[in-house]
Amino acid sequence: MTRRAVVVGTGHYLPERVVKNAEFEATLDTTDEWIRSRSGIERRHFAAEGETTSDMAAKAATRALADAGLTADDVDAIIVATSTADLTFPSAATMVQSKLGMTKGFAFDVQAVCAGFVYALSNANALIASGQAERVLVIGAETFSRIMDWTDRGTCVLFGDGAGALLLEGQELAGTNKDRGILSTDLNSDGRYKDLLYVDGGVSTQSTGHLRMQGNQVFRHAVEKLASTANTALDKAGLAASDVDWIVPHQANIRIIQGTAKKMGLSMDNVVVTVQDHGNTSAASIPLALSVGKERGQIKEGNLIVTEAIGGGLAWGAVVVRW
Ligand code: UT7
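Predicted, not measured: the structure shown is a model, and the values here were computed from it. (Residues numbered from 1 in each chain as written. Predicted model: local features only at pLDDT ≥ 70, side-chain atom pairs only at ≥ 80, totals over all residues. Heavy atoms only, no water.)

## What about the domain arrangement of the protein chain?
If you check the domain split of the protein chain, you get domain 1 (2-173) and domain 2 (181-322). One C-alpha centre belongs to domain 1, the other to domain 2, and the line joining them spans 14 Å. With 53 residues of domain 1 at the contact, the number on the domain 2 side is 49 residues. For the pairing of domain 1 and domain 2, the buried interface totals around 3900 Å² over both sides, and the portion due to carbon and sulfur atoms is 63%. (Domains from an automatic or database assignment. Contact = heavy atoms within 4.5 Å. Buried area = accessible area lost by both parts, 1.4 Å probe.)

See below:
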């Protein structure tokens, strides 16, 4: 028997304001056609003034708990993957804990930019597998609209805000790759590439800063590293790409998503795609896509799913989970 971290609830939250590509045409030298054809993005949501990452995270978490038929009292730990926490400290996760009215357990943030949710899932899996936690809320939540340079057409049209949450529960299962739950994880980073995608501010520079990206360089790394980490994670679980029902990728660019699926020998019929509606929501994009994919009726119990993501660092990784 093996202790597995099984997904028992999902939920997501998107802020009310929807911004279509055409809105950028008024202030930037860009077009709906360019954004659509180069990235696949058609619209994105932006948080309202005063709406924070932990507000959105708490809403997604509340929905995941309701989906599981559980309450905050049933949870031992909260992990929030984010690069855009409300304050420098305390963590967004402790703010979510307070908003859920949860007074026990423990909560912390994980910061691995767009790969953050994959890193958070891997941490949650380790906590559950080692018996340190029974049920863990794993949330990805971001307000990237706060770190955009609205004069930089190469970045500001690409990102959006939102939150998604999974509730994981420890279950004693057979220990084979037919089990439900997280079957394997693969995490990587390479700080040599830290200048390809970063924010030019932070606490020690006394400014919030803006996101800076050499998009075409990141693009080059993405397809190769994403297919490779997904295949490595599958290999660790004794599975192959042909066993996969759904790739649920980080939603940065439809061309990266297509290129990764192709490299893995899978069709786009096996990919959950939300990039057109959400843009790139960094650490929130995978849990958003999982929750939306389930709501659409794409993801069903027993399906084999591989999630993969890459972002600033560069940091990248994949998780194989049977739903
Ligand atoms: O989530 C973290 C990981 N991030 C990513 O995965 C993002 C990876 N990168 C990408 O998605 C793509 O590289 C972009 C969508 C950012 C850009 O697409 P691209 O095909 O790589 O274009 P490019 O950066 O090579 O730029 C091509 C041209 C440039 O003009 P010149 O130099 O050829 O005259 C850009 O200035 O497109 C221009 N351009 C734009 N034109 C109209 C850049 N942004 C825009 C824009 N509207 N918004």
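## Observations regarding helix α6 (residues 254-263)
Listed as buried for α6 are I254, I256, I257, T260 and A261. When α6 is viewed along its axis, its buried side chains cluster within an angular range of 160 degrees and face the same direction. Opposite the packed face of α6, turned more than 90 degrees from it, sit the exposed residues K262 and K263. Buried residues in α6 make contact with α1 (32-39), α5 (215-236), β11 (246-249), α7 (275-278) and β12 (304-311). Taking the backbone nitrogen of R255 as reference, a side-chain oxygen 2.7 Å away marks N253 as the first, capping residue of α6. A positive backbone phi angle near 75 degrees is found at G265, which sits one or two residues after α6. (Buried < 20%, exposed > 50% of the residue type's maximum accessible area, 1.4 Å probe, protein only. Helix = DSSP H or I, 4+ residues; strand = E, 2+ residues; numbered from the N terminus. Arc of directions from axis to C-beta. Polar contact = N/O pair within 3.5 Å; in protein donor to acceptor, adjacent residues only side chain to side chain.)

## Regarding the packing of helix α2 (residues 53-68) against helix α3 (residues 92-99)
For the pair α2 and α3, the least separation of the axes is 9 Å and the interaxial angle reads 55 degrees. The angle between the axes of α2 and α3 places the two elements in the oblique class. Note that α2 runs across α3; the crossing there is right-handed. Contact with α2, carried on its side by S54, D55, A57 and A58, involves A92, M95, V96 and K99 of α3 and no other residues of that element. Looking at side-chain class alone, the contact of α2 with α3 contains five nonpolar, one polar and two charged residues. (Axes fitted to C-alpha atoms, helices over the stretch in contact; angles between N-to-C directions. Parallel < 35°, antiparallel > 145°, perpendicular 65-115°, else oblique. Left-handed = near helix turned anticlockwise from the far one by under 90°. Nonpolar A, V, L, I, M, F, W, Y, C, P; charged D, E, K, R; others polar.)

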